[in-house]
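# A structural walkthrough
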Amino acid sequence: MNLVVTTTDANPVSCTYNINGGPEIPIDCSGGTIDVSAYDGRTTITVTAIDVAGNKGSDSVTFIANNDTILTVAPSGADFTSIQEAIDSASPGDTISVAPGVYNEHIIINKPLTLLGAQANVDPTVEGARTDPSLESIIVGTGGGYDGAAIVIELTEATEEKEVIINGFTIKNPGGDYGVILPSSPATPPYKDAIIEYNIITECGFGIESWDGLAAGSVIRKNLIANNTHYGIECYPWFTTVALVIEGNKFVNNDAGIYMGDTQDFLIRNNTFADNNYGIYICYDDGSEAHYNNFVDNTEYGIYNEGLPAINATLNYWGCKEGPENSACDAVSDYVNYEPWLSYFYPETNGPLLSDLEPTGVIADNTPELKVTTDEYAYCRYSTSNAVSYTHLTL
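Residues numbered from 1 in each chain as written. Predicted model: local features only at pLDDT ≥ 70, side-chain atom pairs only at ≥ 80, totals over all residues. Heavy atoms only, no water.

Attention shifts here to the overall build of the chain. If you tally the helices and strands in the chain, you get one helix and 41 strands. Contacts in the chain between residues at least 24 apart in sequence constitute 57% of all its contacts with a sequence separation of at least 6. Of the roughly 18700 Å² of accessible surface on the chain, a fraction of 49% belongs to carbon and sulfur atoms. (Helix = DSSP H or I, 4+ residues; strand = E, 2+ residues; numbered from the N terminus. Contact = heavy atoms within 4.5 Å. Areas by Shrake-Rupley, 256 points an atom, 1.4 Å probe, with all protein chains shown as cover.)

What follows is the structure in structure tokens.
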């Protein structure tokens, strides 16, 4: 840091400075360099000059030293009191750590950043894990439309990495429309994309939105997406949304958990859809798959697809062991390939019993032959110790 001292006395005798109220350190009154590399966060330097008569004058400057690439936000006592101010001051790749509190903001993320709330990596889909609002970093959008969304991600450059991570917040917009708006992206890699994880997204019109332009490549995982007026995730029907991974989320009490307006090649897995009107509503989709999800007590349909092509929705649990053809299960529409299905809530805690799982011989290509016995119809998978992928087989 370059220091310039200006004084009304032409002949100051001595000058000193301190950092954050620490010890006084001599410095040349004509100016000099102060090393702040050992400091981080909000930092105050106070300079004092003394003239020949012993008169003393001082002045201070406060700034944010960002030597560890982490900026802090809190209602008081941190680098910033506003998340947007921290984003504006951050460098690409920085982390912004946000303390518990309520932040009424329209946030625009326009550079690669990691945004960490106070509940980062605490899974809200686990019953009872996130029940105390005083421990939450709560972002409340400021109103309707794009300009009132709680968080808008706008990226100018696509890279091989996920450019933005949003982790550990409660995100609301009770007076408006959108919780999080995904970045527009090229249709093929590298994408402009984000990871939205470990958040509670609630009291919005639309929890997560694919807005005006193609969105692609983002990962939405381990979020509780609940009590939104319209859709937990909406993929805008006039623009194609490509290759989203939606996994490990819990969708509760939305009009639809996911609305797929014009989508391609989604992977929807390991989610729970409960007490929505529709678990998944498909206007048009090509090539997406939905597996190992739980559909429970959705009023209209577990999955509703308006027309061809059909969606591959095998290996899901539909609320009862008998599958969608039984009135006790969640229903599916036409154009949903649901067979075979899971008989138990996934991950299975009371699944079909397996027995006699042992090699019974070796065939010509040195592949072990296994005999498996279950107590009911089952759909199984197997792997070898040296294989990454697995193969399904029906018993």
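Moving on from the coordinates now.
Tallied over the entire structure, the rule returns seven salt bridges. Glu136 is the partner of Arg130 in a salt bridge, and the nearest nitrogen-oxygen pair spans 2.7 Å. Residue Arg269 is joined to Glu247 by a salt bridge in which the shortest nitrogen-to-oxygen separation is 2.7 Å. Note that Arg269 is positioned in strand 29 (residues 267-269) and Glu247 in strand 25 (residues 245-247), a separation of 22 residues in sequence. (Salt bridge = Lys/Arg side-chain N within 4 Å of Asp/Glu carboxyl O.)

With that settled, consider the nonpolar core. Ranked by size, the top nonpolar core spans 58 residues in total, and within it Ile83, Ile96, Ile151 and Ile196 carry the most contacts. Broken down by element, the residue count for this core peaks at three residues, all from helix 1 (residues 83-89). Apart from the residues within four sequence positions on either side, Ile83 is in contact with Val73, Val98, Tyr103, Glu105, Ile107, Leu115, Ile139 and Phe169. The next biggest cluster of nonpolar side chains, apart from the first, holds 10 residues, and it includes Ile27, Cys29, Ile34 and Val47. (Core = buried A, V, L, I, M, F, W, Y, C linked by side-chain atoms within 4.5 Å. Buried < 20%, exposed > 50% of the residue type's maximum accessible area, 1.4 Å probe, protein only.)

With that out of the way, let us pick up the state of the cysteines. Applying the stated criterion across every chain, the model contains two disulfides. Between Cys15 and Cys29 runs a disulfide, and the two sulfur atoms are separated by 2.1 Å. What sets the handedness of the Cys15 and Cys29 disulfide is the S-S torsion sign, and at about 115° it is right-handed. Separated by 14 residues along the polypeptide, Cys15 in strand 2 (residues 12-19) and Cys29 in the loop between strand 3 (25-27) and strand 4 (32-33) bring together distant segments of the chain. A sulfur-sulfur separation of 1.8 Å characterises the disulfide bridge that pairs Cys320 with Cys329. (Disulfide = S-S within 2.5 Å.)

Spatially, 10-13-16-19-23-27-31-35 is the arrangement adopted by the eight strands of the open sheet, whose pairing is parallel. A single partner strand is all that each edge strand has here, and the edge strands are strand 10 (107-109) and strand 35 (301-305). Adjacent strand axes in the sheet meet at a mean angle of 15°, parallel and antiparallel pairs treated alike. (Pairing = 2+ DSSP bridges. Axes fitted to C-alpha atoms, helices over the stretch in contact; angles between N-to-C directions.)

In this structure the tally under the stated criterion is 15 aromatic pairs. Where Phe251 meets Phe273, the ring centres are 4.8 Å apart and the plane angle is 5°; that geometry is what we call stacked. Of this pair, Phe251 sits in strand 26 (residues 250-252) while Phe273 sits in strand 30 (residues 272-274), placing them 22 residues apart in sequence. Since its relative accessible area comes to 0%, Phe273 is described here as buried. Aromatic side chains Tyr278 and Tyr301 sit 6.2 Å apart centroid to centroid with 10° between the ring planes, which places their arrangement in the stacked category. On the criterion of sequence distance, the pair formed by Tyr278 in strand 31 (residues 278-282) and Tyr301 in strand 35 is long-range, its members being 23 residues apart. An aromatic cluster is present here, built from Tyr178, Phe206, Tyr231, Tyr259, Tyr278, Tyr281, Tyr301 and Tyr304 joined pairwise through their rings. (Phe/Tyr/Trp six-rings, centres within 6.5 Å; stacked < 30°, edge-to-face > 60°.)

Below, the discussion takes up the environment of Ile96. With respect to the secondary-structure elements, Ile96 resides in strand 8 (residues 95-98). For the pair formed by Ile96 and Ala86, sequence separation is 10 residues and the distance between their alpha carbons is 7.1 Å. Not counting residues within four places of it along the chain, the set of residues in contact with Ile96 comprises Leu71, Val73, Ala86, Ile87, Ala90, Leu113, Thr114, Leu115 and Leu116.

Moving on to the side chain of Asn249. Examined against the element boundaries, Asn249 turns out to sit in the loop between strand 25 and strand 26. A polar contact of 2.9 Å, which involves the side chain of Asn249, links it to the backbone nitrogen of Asn223. With residues near it in sequence (within four places) discarded, Asn249 still touches Thr125, Ile220, Arg221, Lys222, Asn223, Asn270, Asn271 and Thr272. (Polar contact = N/O pair within 3.5 Å; in protein donor to acceptor, adjacent residues only side chain to side chain.)

Here we come to the pairing of strand 12 (residues 137-140). Going residue by residue along strand 12, you find Ser137 and Ile139 tucked away on one face and Ile138 and Val140 tucked away on the opposite face as well. In terms of strand pairing, strand 9 (residues 101-104) meets strand 12 through four bridges, oriented parallel. If you follow Gly101 over to strand 12, its bridge partner there is Ser137. Looking at chain direction, strand 12 and strand 15 (residues 169-172) are connected through four bridges and run parallel. The residue of strand 15 that forms the bridge with Ile139 is Ile171.

Sheet architecture is open: four strands sit in the order 20-24-28-32, paired in parallel fashion. Looking at the sheet topology across the chains shown, the edges are occupied by strand 20 (215-216) and strand 32 (285-286). Pairing of strand 28 (residues 263-264) with strand 32, which is carried by two bridges, proceeds in the parallel orientation. Bridge pairing in strand 32 links Thr263 to Asp285.

Side chains of strand 17 (residues 194-197) alternate between two faces, with Ala194 and Ile196 and Ile195 and Glu197 buried alike. Bridging between strand 14 (residues 164-167) and strand 17 involves four bridges; their strand directions are parallel. Bridging across to strand 17, Asn167 finds its partner in Glu197.

Across the chain, the average pLDDT comes to 85, with 82% of residues at 70 or higher. Segment residues 351-364: pLDDT under 50, and 33 contacts once partners within four positions in sequence are set aside and those in other chains are kept. Throughout residues 385-395 the model reports pLDDT below 50, and contacts reaching past four residues in sequence, or to other chains, amount to 25 contacts. (pLDDT = per-residue confidence, 0-100.)

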